[in-house]
Amino acid sequence: MKYIKILLLPFFMVFTLSFLIVGNPTVSADHDFNETYEHDDDEDGIYEDVGKAVGWGTVITLGAAGFIFPIRRSMKWLISHYPKYKKTFISLSKFLGKYHISIGILALAISIIHGITMYGSEGELESDGIIGLAAVLLMIVASLFGFILSKNKKGKSLRNTHMTLIAFTLLIVFVHIVL
Ligand code: HEM
Ligand code: HEM
């Protein structure tokens, strides 16, 4: 149950965010042709805006999954420089370790929702979409290595492969966003 709540929370946050960004979509119910046309145009825009908000949701979730890296690597430094917060750092690191896979799966799921929404609103796959698609495909491969790694945590090359593939995924995501 706790698992499901954790999985649903970011979904709820993304959709609340989408709603806040998009606002109230109601338009006047006039039957004039131009008004109807504008209304359809607005609906397309809303679809795209929601898609974009979900894209940012993916970025946030990817960040949450990847946060395990700086926290684990700087643990000693953090504890020696901020001993007062030792307990907080340890519980944060434990939390990220415990939910890393769930957050990763969630990132993958949200990225697919974003891809589908954007494809739906654009109606075709342009260069942006192809780059996004490459990121999602690479993330799927990285996740497969992640799953194998979860069964054999001692495998150093598995961990390196997972991390390298994720690093390339993030690089492609960066290009996808700035382009
Ligand atoms: C890890 C995967 C992905 C992430 C993190 C991601 C994230 C984002 C973000 C943050 C934006 C910018 C939204 C804005 O301008 O405010 C965006 C735009 C876009 N994404 Fe993705 N995306 C991903 C995958 C995909 C996929 C698979 C597709 C399509 C098949 C796609 C299609 C698009 C399109 C068409 C745009 C609009 C570009 C524009 O007009 O500015 N994305 N994405
Ligand atoms: C379904 C998706 C994923 C699965 C199954 C998965 C699985 C794993 C597993 C089992 C580990 C070892 C954790 C440990 O030592 O306790 C790991 C480490 C790691 N994962 Fe993932 N992961 C996934 C997604 C992601 C994503 C989306 C990112 C980044 C955006 C990411 C970044 C990392 C990093 C950086 C490490 C190394 C942490 C360290 O040892 O410093 N993973 N992953």
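It should be emphasised that the depicted structure is a prediction, and the values quoted were computed from it without experimental measurement. (Residues numbered from 1 in each chain as written. Chains lettered and ligands numbered in written order. Predicted model: local features only at pLDDT ≥ 70, side-chain atom pairs only at ≥ 80, totals over all residues.)

A.B. asks: Tell me about the site of ligand 1, and please be specific about residues and values.
C.D. replies: As a structural note, the neighbourhood of ligand 1 is formed by 21 residues, with Gly55, Gly115, Met118, Gly129 and Gly132 the closest of them. Looking at the shell around ligand 1, the elements with two or more residues in it are helix H2 (33–66), helix H5 (86–122), helix H6 (127–151) and helix H7 (156–178). Residue contributions to the shell around ligand 1 peak at seven residues, all from H6. For the shell around ligand 1, the per-class residue count stands at 10 nonpolar, eight polar and three charged. (Near = placed C-beta within 6 Å. Helix = DSSP H or I, 4+ residues; strand = E, 2+ residues; numbered from the N terminus. Nonpolar A, V, L, I, M, F, W, Y, C, P; charged D, E, K, R; others polar.)

A.B. asks: Give a description of the UniProt feature "transmembrane region" (unreviewed entry) in the protein chain that names residues and reports values.
C.D. replies: UniProt tags residues 53–75, 96–117, 129–149 and 161–178 as "transmembrane region" (unreviewed entry). The straight-line gap between the two end C-alpha atoms of residues 129–149 is 30 Å; of that span, 100% is helix and 0% is strand. (UniProt positions renumbered as here; feature names shortened; annotations may be inferred.)

A.B. asks: So what's going on with H6? Which residues, and what values?
C.D. replies: For H6, which comprises 25 residues, the first-to-last C-alpha distance of 37 Å matches the rise-based estimate of 36 Å (1.5 Å per residue) to within 8%. Buried residues of H6: Gly132, Ala135, Met139, Ala142, Ser143, Phe145, Gly146 and Leu149, and no others. Of the surrounding elements, those touching the buried residues of H6 are H5 and H7. (Expected span 1.5 Å × (residues − 1). Buried ≥ 20, exposed ≤ 12 C-beta atoms within 10 Å, placed from the backbone. Contact = placed C-beta atoms within 7 Å.)

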